[in-house]
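A look at the structure
The lines below spell out each chain.
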Amino acid sequence: MARKKIIAGNWKMNMTPSEAVTLIKTLKPLVATEDADVVFCVPAIDIIPAMEAAKGSNICIGAENMYFEEKGAYTGEISPNMLVDAGVKYVIIGHSERRQYFAETDETVNKKVLKAFEHGITPIICCGETLTQREQGVTIDFIRQQVKIALLGVSAEQAATAVIAYEPIWAIGTGKVATTEQAQEVCAAIRVCVGEIYDEATAAAIRIQYGGSVSASSAPELFAQPDIDGGLVGGAALKPDFGKIVNYK
Ligand code: PGA
């Protein structure tokens, strides 16, 4: 069965709750499609008003992060149950900004991925190399390591429903989009890696996104690649351009 594309916006630390409502109202008609799953991953405080604003549309509201404990003395964190209760179906895990600024590691990413599955939330698991790693030719090795650790203890059944976002760090927010060949090469390698961990069927089912300066002009070629099942979009997800990215064909 052909994989359905999944195009997700990552709002990062942008949009107040009232701005979120306005943006969703603007984007709602622009992102209407049956061809792709459309997810807006928004700041935690925006989740509930965003859900309300997205009602009756094809927009699915996701979170940008989640903690791996159920509850307790973890000041400032958001639990999986809080997300489930708010109706969240997707959560970004291990974005490079969280790894860089908030000390997330492959191990905490793995704990969060397991927790998300335990609660029926689909993780959008981020991986991506630095410019140095790319220049040193270790990109594929590094990505394989990130993917393997993120999926430790995840069953084949769960992995088949997961989303992996390949986001080269040097392409995030820089306007420097990876070439189609670079993006396809790494997404294909991720699929091979998933096949090695599990089996062919799991590799064929898992959805792999490209992220990093995706725009209305780069999306069509990127998303047409055999192993790229959509995108994780930062800057351009905050603009009407996101409608063009979703309807890239
Ligand atoms: P960008 O961000 O599209 O602004 O490069 C992508 C991301 O960080 O998910």
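Not measured: the values here are computed from a predicted model.

Cut-off values and rules
- Residues numbered from 1 in each chain as written.
- Predicted model: local features only at pLDDT ≥ 70, side-chain atom pairs only at ≥ 80, totals over all residues.
- Heavy atoms only, no water.
- Near = heavy atom within 4 Å.
- Polar contact = N/O pair within 3.5 Å; in protein donor to acceptor, adjacent residues only side chain to side chain.
- Areas by Shrake-Rupley, 256 points an atom, 1.4 Å probe, with all protein chains shown as cover.
- Nonpolar A, V, L, I, M, F, W, Y, C, P; charged D, E, K, R; others polar.
- Buried < 20%, exposed > 50% of the residue type's maximum accessible area, 1.4 Å probe, protein only.
- Helix = DSSP H or I, 4+ residues; strand = E, 2+ residues; numbered from the N terminus.
- Pairing = 2+ DSSP bridges.
- Right-handed = clockwise from strand over helix to strand, strands pointing away.
- Lys, Arg positive; Asp, Glu negative; His and termini not counted.
- Salt bridge = Lys/Arg side-chain N within 4 Å of Asp/Glu carboxyl O.
- Contact = heavy atoms within 4.5 Å.
- Axes fitted to C-alpha atoms, helices over the stretch in contact; angles between N-to-C directions.
- Parallel < 35°, antiparallel > 145°, perpendicular 65-115°, else oblique.
- Phe/Tyr/Trp six-rings, centres within 6.5 Å; stacked < 30°, edge-to-face > 60°.

Looking now at the site of the ligand. In the vicinity of the ligand there are 13 residues, among which Lys-12, His-95, Glu-167, Gly-173 and Ser-213 approach most closely. Within the contact set of the ligand, an oxygen atom lies 3.4 Å away from a side-chain nitrogen or oxygen of Asn-10. Separating an oxygen atom of the ligand from a backbone N or O atom of Gly-235 is a distance of 2.8 Å. Coverage of the ligand by the protein chains reaches 95% of its 280 Å² of free accessible surface. Here the shell around the ligand is built from residues that sort into four nonpolar, seven polar and two charged.

As a further point, take the pairing of strand 1 (residues 5-10). By the criterion of burial, strand 1 is predominantly enclosed, with six of the six residues buried. Examined bridge by bridge, strand 1 and strand 2 (residues 36-42) share six bridges and lie parallel to one another. Residue Lys-5 lies in a different strand from strand 2, and its bridge partner there is Ala-36. Each parallel crossover has a hand, and for strand 1 linked through helix 1 (residues 17-27) to strand 2 it is right-handed. Two elements, strand 1 and strand 8 (residues 230-233), share four bridges in a ladder whose sense is parallel. By the bridge assignment for strand 8, Gly-9 is matched with Val-233.

By the element assignment, Asp-46 lies in the loop between strand 2 and helix 2 (47-54). Although Asp-46 is buried, it forms no salt bridge, and the closest oppositely charged side chain is Lys-25 at an N-O distance of 14 Å. Excluding anything up to four places from it in sequence, Asp-46 contacts Trp-11, Asn-14, Met-15, Thr-16, Pro-17 and Ala-20.

A few words now on the pattern of salt bridges. Counted by the stated rule, this structure contains 15 salt bridges. When the shortest N-O distance is used, the salt bridge between Glu-97 and Lys-12 registers 2.8 Å. Of this pair, Glu-97 sits in helix 4 (residues 96-101) while Lys-12 is found in the loop between strand 1 and helix 1, placing the two residues 85 residues apart along the sequence. Given the relative accessible area of 24%, Glu-97 is considered partly exposed. It is possible to trace a salt-bridge network through shared partners that takes in Arg-3, Arg-191, Asp-227 and Asp-229.

Another aspect to go through is the packing of helix 5 (residues 106-118) against helix 7 (residues 139-150). Contact geometry for helix 5 and helix 7: axes closest at 8 Å, N-to-C directions at 40 degrees. In terms of axis orientation, helix 5 runs oblique to helix 7. Side by side, helix 5 and helix 7 meet where Asp-106, Glu-107, Val-109, Asn-110 and Val-113 of the first sit next to Gln-145, Gln-146, Ile-149 and Ala-150 of the second. By residue class, the composition of the contact of helix 5 with helix 7 is four nonpolar, three polar and two charged.

Under the criterion given, the structure shown has seven aromatic pairs. Relative to Tyr-74, the ring of Tyr-67 has its centre 5.0 Å away and its plane inclined at 50 degrees; by these criteria the two rings are tilted. Aromatic pair Phe-223 and Tyr-248: ring centres 5.2 Å apart, planes at 85 degrees, arrangement edge-to-face. Of this pair, Phe-223 sits in helix 11 (residues 219-223) while Tyr-248 is found in the segment after helix 12 (241-246), placing the two residues 25 residues apart along the sequence.

So, about the sheet that holds strand 7 (residues 207-211). Read around the closed barrel, eight strands run 1-2-3-4-5-6-7-8, paired in parallel fashion. Neighbour-to-neighbour, the strand axes of the sheet open up by a mean angle of 30 degrees, direction not taken into account. Pairing between strand 6 (residues 163-166) and strand 7: four bridges, direction parallel. Its bridge partner being in strand 7, Ala-165 is matched across the sheet by Gln-209. Lying over the sheet, helix 5 contacts strand 4 (90-93) and strand 5 (122-127), oriented at roughly 160 degrees with respect to strand 5. Across the sheet, helix 9 (residues 180-197) is in contact with strand 5, strand 6 and strand 7; its angle to strand 6 comes to roughly 145 degrees.

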